[in-house]
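# Tertiary structure, described
If you want the building blocks of each chain, they are given just below.
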Amino acid sequence: MTMEFSEHIKTANVDDVVLKLPLRPALKGTLCVTAHHLVFSERKEEGSYQLLLLLRSVDAIEKRMTGLSGSSGTIVIKCKDLRILQFDIPGMEECLNVASSIEALSSLESVTELYPFFHRPRELSLSEPWGLSSPQQQYAQTERLWDRWRLSKVNRNFSVCMSYPRTVIVPCAIDDITLAKAASFRQGGRFPVLCYYHRSNGMVIMRSSQPMTGANRKRCREDELLLQAAIDESEMGYIIDTRSAQQAQQARMAGGGFESKAFYHHWRRLHRHLERGKVLQESLIKLVEACGDPSQNMDRWLSKLENSKWLSHVHSALSTAGLVAECVERDGHSVLVHGFEGTDTTLLVTSLAQLILDPASRTFRGFLQLLEREWVQAGHPFRQRCAHSAHSHARLRQECPAFLLLLDATWQLGRQFPLALEFSEVLLLRLAQDAYASDYGTFLCSSEQERCALQVKENTHCLFQFLLRREEREKYVNPLYEATDLAIWPSVHPQSLQLWTGLFLRWTEYAQTMDEAREEIWTIVKERKETDRPKGCAHTTLSRHDSFTNVENLMDELTVL
Amino acid sequence: MEHIRTPKVEQVKLLDRFNNKTTTGTLYLTATHLIFVESNVPGAHEIWILHHHIASVEKLSLTTSGCPLLIQCRNFRVVHFVVPRERDCHDVYSSLLRLLRPVSYDELYAFSYNPKQNEQQREVGWQLIDLTAEFERLGLPCDQWQLSDVNRDYKVCETYPRDLYVPITASKPIIVGSSKFRSKGRFPVLTYFYQEKKAAVCRCSQPLSGFSARCLEDEHMLQAISKANHNSRFVYVMDTRPKLNALANRAAGKGYENEDNYSNIRFQFVGIENIHVMRASLQKLLEVVGTRSLSVNDYLLGLESSGWLRHIKAIVDAAIFLTKAVTVEGASVLVHCSDGWDRTAQVCALGALLMDPYYRTLKGFMVLIEKEWISFGHKFADRCDQLDGDPREVSPVFTQFLDCVWQLMEQFPQAFEFSEWFLIQLHEHVHSCQFGNFLGNSQRQREELQLKDRTYSLWAHLLSEQHNYLNPVYSPSFAERHPVLEPSTQPWNFKFWRNMYHQFDRTMHPRQSILKHTLTLKESNSKLEDTAHTLQAKLQTLGVSTSPLELHSWSREHRLPPRPQSLILGAPLSRKEAQQEEEVLGEEALEDAPDGNGGERTVEGSSATENGYGELQSSFSSKNEPAMVSLEFGVARMTC
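The structure reproduced in this document is the subject of the present report. Keep in mind that this is a model prediction, so the values were computed, not measured.

The rules behind these values
- Residues numbered from 1 in each chain as written.
- Chains lettered and ligands numbered in written order.
- Predicted model: local features only at pLDDT ≥ 70, side-chain atom pairs only at ≥ 80, totals over all residues.
- Heavy atoms only, no water.
- Helix = DSSP H or I, 4+ residues; strand = E, 2+ residues; numbered from the N terminus.
- Buried < 20%, exposed > 50% of the residue type's maximum accessible area, 1.4 Å probe, protein only.
- Contact = heavy atoms within 4.5 Å.
- Areas by Shrake-Rupley, 256 points an atom, 1.4 Å probe, with all protein chains shown as cover.
- Lys, Arg positive; Asp, Glu negative; His and termini not counted.
- Salt bridge = Lys/Arg side-chain N within 4 Å of Asp/Glu carboxyl O.
- Polar contact = N/O pair within 3.5 Å; in protein donor to acceptor, adjacent residues only side chain to side chain.
- Expected span 1.5 Å × (residues − 1).
- Core = buried A, V, L, I, M, F, W, Y, C linked by side-chain atoms within 4.5 Å.
- Pairing = 2+ DSSP bridges.
- Axes fitted to C-alpha atoms, helices over the stretch in contact; angles between N-to-C directions.

### Quick notes on the overall build of chain B
Along chain B, the regular secondary structure elements total 26 helices and 14 strands. Counting over 640 residues, chain B shows a buried share of 61%. At a minimum sequence separation of 6, the contacts of chain B that also span at least 24 residues come to 70%. In the structure as shown, chain B presents an accessible area of about 25,500 Å², 51% of it carried by carbon and sulfur atoms.

### Side note on the side chain of K80 of chain A
Residues and elements named next belong to chain A. Examined against the element boundaries, K80 turns out to sit in the loop between β6 (72-79) and β7 (84-90). Of the side chains with opposite charge, D59 comes closest to the buried, unpaired K80, at an N-O distance of 5.1 Å. Side-chain polar atoms of K80 contact the backbone oxygen of R56, separated by 2.7 Å.

### Notes on unusual backbone geometry
Residue and element names in this part refer to chain B. The omega torsion of the bond from L140 to P141 falls at -5°, within 30 degrees of zero and hence cis. The residue P141 is located in the loop between α3 (131-137) and β8 (145-148) in this model. With a phi angle near 60°, K116 is a residue other than glycine that sits in the positive phi range. In this fold, K116 is placed in the loop between α1 (86-99) and α2 (119-127). Taking the relative accessible area as the measure of exposure, K116 reaches 80% and is therefore exposed.

### Some words on helix α11 (residues 364-377) of chain A
All names here are of chain A. In this model α11 runs 18 Å from its N-terminal to its C-terminal C-alpha over 14 residues, within 8% of the 20 Å that 1.5 Å per residue would give. Burial runs high along α11: twelve of the 14 residues are buried. Taken together, the buried positions of α11 are F364, G366, F367, L368, L370, L371, E372, R373, E374, W375, V376 and Q377. Downstream of α11 by a residue or two, G379 has a phi angle that is positive, lying close to 85°.

### Quick notes on the nonpolar core
Membership of the largest hydrophobic core comes to 267 residues, with the highest contact counts inside it found for I77, F87, L431 and F504 of chain A together with F365 and F401 of chain B. At twelve residues, helix α9 (residues 308-327) of chain B tops the list of elements feeding residues into this core. Not counting chain neighbours up to four residues away, the residues in contact with F401 of chain B comprise Q346, A349, L350, F365, L368, I369 and W373 of chain B.

### With respect to the sheet that holds strand β11 (residues 199-204) of chain B
Residue and element names in this part refer to chain B. The sheet built from five strands is open, its strands ordered β10-β11-β14-β12-β13 with mixed pairing. Pairing within the sheet leaves two strands with one partner each, and these edge strands are β10 (189-194) and β13 (265-269). For this sheet, the mean inter-axis angle between neighbouring strands, taken without regard to orientation, is 20°. Alignment of strand β12 (residues 235-239) against strand β14 (residues 332-336), held across five bridges, turns out to be parallel. Its bridge partner lying in β14, V235 is registered against S332.

Below you can see the structure in the form of structure tokens.
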């Protein structure tokens, strides 16, 4: 433990602490504060319960004096994964010390002080690859891109766009100088880049930030050229603006703006208003508050659920993504998606559209790659957005649950197409947890540039790589998965959307019966696989066809006889 | 047939109520069904609507394309036809008006329905559910409870069954006296017996107490019920009505038990609303969810203001109260409402379902419905509007019960042997009047109608295709671990039952069904084993030793009969299956065909246009977009 950490720890160990967890009887044991964890061990000879809580996952902490003349204290810890724990600590001083340690250590500012930089499990080595793929690999694997699209290293020093990766995919016809000029016309330098290529018709989805047209309708030839080059002469494309038309107009006053029809002849702009930032964060807070209120009747619950507007946000996200996918698949046109900065709702929409369209992104690995490409590498500011979750009393700064909204919308897709996703709800829950506090470095920082500067990849382990290890993977797979190469169009009727109880009521209602039912489905599927597969055969790849022949052989034998 | 003026109308358009999809076809009117057959499509799509299912027919004002006819069904199907000629429309309309309001029981479908069974099969079908055996299963009669013959000839209470179980100390004069003090003569009788604690669930109607009347026999009767249970010194009396309603009833000479007059009772109101409130609530709910382009907020607000889930929760809460009193306190409970055939049936049936795992099996659930609903005289004919009657008597009381059961299924996925599909089938047939079981208002009436000789039993029909209704994750060991279910009553556990109220709205449904998938997997597992065994046995008889040969396989020939076409069971499972069905249905494949070759198609019939994500069509000039319009109507092939 380095000096800085130990400074924060005045009382490292407290005995006779009572831990109250949701849906469990109270436990008595020892509480220990370390640099990155809160450790609670039940005082029992065997089979004792241990709790290891990452301090980073503490969202809010409340303390109060209890006992006669305040001789003891109670600490309530509200975690970013929405769990609520309570510790009853004998001794007021101990209680205050523990509380202040938790407060200090859960909100360390410096990224390199965070636990991922210290997490060194025996089975993992830092020399293993970090990340699943790069734009180079994506490009190399998509041969059909090569005609009209190229890899550009214009951003190799992060000088053109701070929040983009070093390499991006752009139209062949546009050289790096033009790109740099176009970038200067887009907020944060986020010029239009390719994020998805639709194999069946060669159409693409691109994303960017808003153009900086400003109040006097500035234009930028290079930006216009770039967009023109993305589509053929005769074709046209759609711009899905995730702001309302009014918001886009108003943005001009602040130097932003939108692509005017006069200068972007072949592009049609559609506005789809998605909430962002503070509004989303407040929506999450209201929803979590509603879910935590145990004493309510039906009407109050429904009105609170409505009032939180969370399901409306899920609805807008899915239907906008559906619209993008519809443009590409049914209408046969390329699409550019952006809002303001192009780092939140834009990514939400482009990644959901890919889930709808692209069977590859629905596999376990493919989904993680999608998240890596569209969120981690594309510069979603995880560090700011996921600094706090729904319980924090801290003044909101740039928190926004855009990523959580993506996971929720993905969950809705999984509900509507229970066979189409290779991963299960358990993976989504794991990602929801790790985005806010993690042992791994994947969701640290807000951009590739920051990750490079802090040497995140050299000094932390990669969550995605870890999840893909065979023994981990098993926990997160959907037993019912059957690959399909078709698009999955979600129903966006309000009646088809549901509250994600697995996340929001995870700790209030123990869904044991649900887990058991899930187990049962697993058993049925496994039985199925076993009956399907000749016993004693080492090859796991044997298909139906092979077992078919067995019976056929048997039939032949019968006929011969 | 004399009511049918125009048996066939061509070029009728069918409009989807949630999107702009239109289908053209021919409308046929038969003595029992209204049938719509899509035209010009191989393997055309057909809609069969039983007249009994039609709740209302409305002729809307004439439009340029024809005369619209809006039909709302009791199974929540809503169809919107546009008939080109006004006269045809009027003919269909007036024929339907007559056909959907049968004036006598003889006109009901059950009396003409013939499933190709012989007399013996019919008889066997009616014997499948035996209530005497059920009471035996409960350990009755016993030292405290006896079978009474007081109602053998329906003389004491004509809406009760003939066989009734009462405390041994309740003599005939007490019973008769009590029955005279109870609304419609429905005196307290046993309906469920919890053997472990010797506690009984009894049911009756409200006492005719008015403001001060009392009846010694009735007081004796309750005393007898209390004494029959040595575990508890008192008996709970659950009045399932809101207190205000019970108070109001006193003015009409009815009311509730005065605790001062009855020794050893604990009186409790539980506040379930009456049939009129429930009818209005469902109507409001259907109005809300039937709205086109409904926003999430309006949906949630509508759900709240309809009060439907509040009512569902009230019933479940009452059943939980009943269950706790019986299983935890070991007390007997007497349940009543006004007449004791609506709310009482709901609460007693749901309580029994919570207490006894047997009722959570397929057969047990049939027994439960036979007992609590059919035999004790829930007025199915009135509540489900089987004959042209008083609209104020119609109410979704049984639908609510099914809804409550579904809510429990959602909380306990492994507790029920049957799936929601079974509940939906039951709902279908309570209204279909295709089988005799639910006809009429009471057992007596059913006997008079000679239903067992003239109609078929639904139970036999359902059992014959029970493989369709099984819950693949049902676990008998779950029942052992949780003999009594303790559902959570947190409001978020009560959900809108989309698969019931939108069962015919294809765009609402998940495109893939876990239920169907696991069911098929499970069936194929056991099928494979069977095949293996048969083949092995065959070889053995032929004298071939087959020990190491592996026999597991998946054969397409060895399959159960196809499942009924249902949106709830989801669309085809695998792509292969999807293709097969598309070859038959044609329409789906065309609709989703891309305008290029070798492109991606859409999964399992889900389609972008139906979901209405955007305003694509309007935002483009038609010059640029010839493909869009034609795609929608499934003539993509012509434009490619």
